[in-house]
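Here is what each chain is made of, one letter per residue.
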Amino acid sequence: MIALERRLFLSGLGSAALVAGAGFGAPRALAQAVARKVAATPQSALIVVDVQNCFVPGGSLAVKGGDEIVPLINRIAKGFENVVMTQDWHTPGHISFASAHPGKKPFEQIKLGYGMQTLWPDHCVQGTEGAALHKDLNIPQAELVIRKGFHKDVDSYSAFMEADRRTTTGLAAYLKARGINRVFACGLATDFCVAWTALDARKAGFVTYVIEDACRGIDLNGSVAKAWADMTKAGVHRIKSADLAA
Ligand SMILES: [Zn+2]
């Protein structure tokens, strides 16, 4: 009750200050601070990308600090009616594994039929413990788990479109059919699966946010900076969890 009254008071103050505050710096600053908050509307979906055992410390393709974001993601998810989670879900001997290409090492690049592919240590093999979602991820209302990268000869960083850029996962159609128009992405890793998911969300016409502090990156040769540059250019909004309306 107290929280509700406080929210009503703040939103009322925000409107009043917007009208009356032209000559007064402090109220206007407060109004702007209130106005800048981003709301998780009923037409919003949170996409929790690849928070799987292989991608956290101790996993075969560990992202530094990957486990640190789990409590924050749990907290953020409480504000969303719609939550989709993704799992990288590869066949044994998947084309994205360095081990599938004699003489190649993890993190090298190779040219494949659909373009350049970074090669990775074996990770997220279907049905293994490494492919399981992190045990502390606690989002019981999550309504859909999209598994991706399950075609042996095609990788899929994106939750929307496989790396051949033709094969859809069906996620855009699912979200649109349910009236979703905004997506918020978080998870692992910023510069690969989160960025590709956010870029494809924009391509599919969604208003798109990436919650920076609820992500961690791999950062191969400046890939985190490049990913943010690409996302910004595509109109993806870069926000922090504190920017979300409570
Ligand atoms: Zn993968």
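What is the right way to read the overall build of the chain from this model?
The helix and strand tally for the chain stands at six helices and eight strands. A total of 246 residues make up the chain; the buried ones form 46% of that total. Counted over contacts in the chain with a minimum sequence separation of 6, partners at least 24 positions apart contribute 74%. For the chain, the accessible area works out to roughly 12100 Å², and carbon and sulfur atoms hold 58% of it.

Explanation requested: the coordination of the zinc ion in the structure shown.
Octahedral six-donor coordination of a metal ideally yields angles of 90 or 180 degrees, compared with 109.5 degrees for tetrahedral four-donor coordination. Taken together, the protein ligands of the zinc ion are Asp88 (OD), His90 (NE2) and His123 (NE2), with distances of 1.9 to 2.1 Å. Considered as a linear motif, the donors of the zinc ion on their single chain read D-x1-H-x32-H. In this pair, His90 sits in the loop between strand S2 (82-88) and strand S3 (109-112) while His123 sits in the loop between strand S4 (115-118) and strand S5 (144-148), placing the two residues 33 residues apart along the sequence.

So what exactly am I meant to see when it comes to the pairing of strand S6 (residues 182-188) here?
In regular strands, side chains alternate between the two faces of the sheet. Summarising burial for S6: six of the seven residues are buried, a large majority. Examined bridge by bridge, strand S1 (residues 44-49) and S6 share six bridges and lie parallel to one another. Each residue of the ladder has a partner; that of Val49, found in S6, is Gly187. Two strands pair when backbone bridges link them, and S6 and strand S7 (residues 207-216) are joined in this way by six bridges, in the parallel orientation. What sits directly across from Leu188, in S7, is Arg216. At this point the chain moves from S6, through helix H5 (residues 190-203), to the parallel S7, and the crossover so formed is right-handed.

Mind showing me how you'd approach the confidence of the model for the chain here?
The predicted coordinates ought not to be read in detail in places where the model reports low pLDDT. Model confidence for the chain is summarised by a mean pLDDT of 90, while 86% of its residues fall at 70 or above. Considering only residues more than four positions removed or in separate chains, one finds that residues 1-23, a stretch of pLDDT under 50, has 10 contacts.

Would you take a moment to explain the packing of aromatic side chains for this structure?
Any two aromatic rings considered together are summarised by their centre-to-centre distance and by the angle between their planes. For the structure shown, the criterion picks out eight aromatic pairs. A centroid spacing of 6.3 Å and a plane angle of 75 degrees characterise the contact between Trp120 and Tyr157, whose relative ring orientation is edge-to-face. Taken together, the residues span a long stretch of sequence, with Trp120 in the loop between S4 and S5 and Tyr157 in the loop between S5 and helix H4 (171-177) at a distance of 37 residues. Here Trp120 falls in the buried class, since its relative accessible area comes to 3%. Here Tyr157 falls in the buried class, since its relative accessible area comes to 11%. Their ring planes at 10 degrees and their centres at 4.5 Å tell us that Phe184 and Tyr209 sit as a pair that is stacked. Taken together, the residues span a long stretch of sequence, with Phe184 in strand S6 and Tyr209 in strand S7 at a distance of 25 residues. An aromatic cluster is built from Phe107, Trp120, Tyr157, Phe192 and Trp196, whose rings are joined through pairwise contacts. The ring centre of Phe206 lies 5.5 Å from the NZ or CZ of Lys176, which sits over that ring.

Which parts of the structure should I look at to understand the packing of H5 against helix H6 (residues 223-233)?
Orientation of H5 relative to H6, taken along the N-to-C sense of each, is 10 degrees, at an axis distance of 9 Å. Between H5 and H6, the angle falls in the class roughly parallel. In contact with Thr190, Asp191, Phe192, Ala195, Ala198 and Leu199 of H5, H6 contributes Ser223, Val224, Ala227, Trp228, Asp230 and Met231.

Explain the side chain of Asp200 here, please?
Mapped onto the elements of the fold, Asp200 is located in helix H5. A distance of 2.6 Å separates polar atoms of two side chains, one belonging to Asp200 and the other to Arg165. Setting aside residues no more than four positions away along its own chain, Asp200 makes contact with Ser158, Phe160, Met161 and Arg165.

Conventions adopted
- Residues numbered from 1 in each chain as written.
- Predicted model: local features only at pLDDT ≥ 70, side-chain atom pairs only at ≥ 80, totals over all residues.
- Heavy atoms only, no water.
- Helix = DSSP H or I, 4+ residues; strand = E, 2+ residues; numbered from the N terminus.
- Buried < 20%, exposed > 50% of the residue type's maximum accessible area, 1.4 Å probe, protein only.
- Contact = heavy atoms within 4.5 Å.
- Areas by Shrake-Rupley, 256 points an atom, 1.4 Å probe, with all protein chains shown as cover.
- Donors = N, O, S within 2.8 Å, 3.2 Å for Na, K, Ca; no water.
- Pairing = 2+ DSSP bridges.
- Right-handed = clockwise from strand over helix to strand, strands pointing away.
- pLDDT = per-residue confidence, 0-100.
- Phe/Tyr/Trp six-rings, centres within 6.5 Å; stacked < 30°, edge-to-face > 60°.
- Lys NZ or Arg CZ within 6 Å of the ring centre and 35° of its normal.
- Axes fitted to C-alpha atoms, helices over the stretch in contact; angles between N-to-C directions.
- Parallel < 35°, antiparallel > 145°, perpendicular 65-115°, else oblique.
- Polar contact = N/O pair within 3.5 Å; in protein donor to acceptor, adjacent residues only side chain to side chain.

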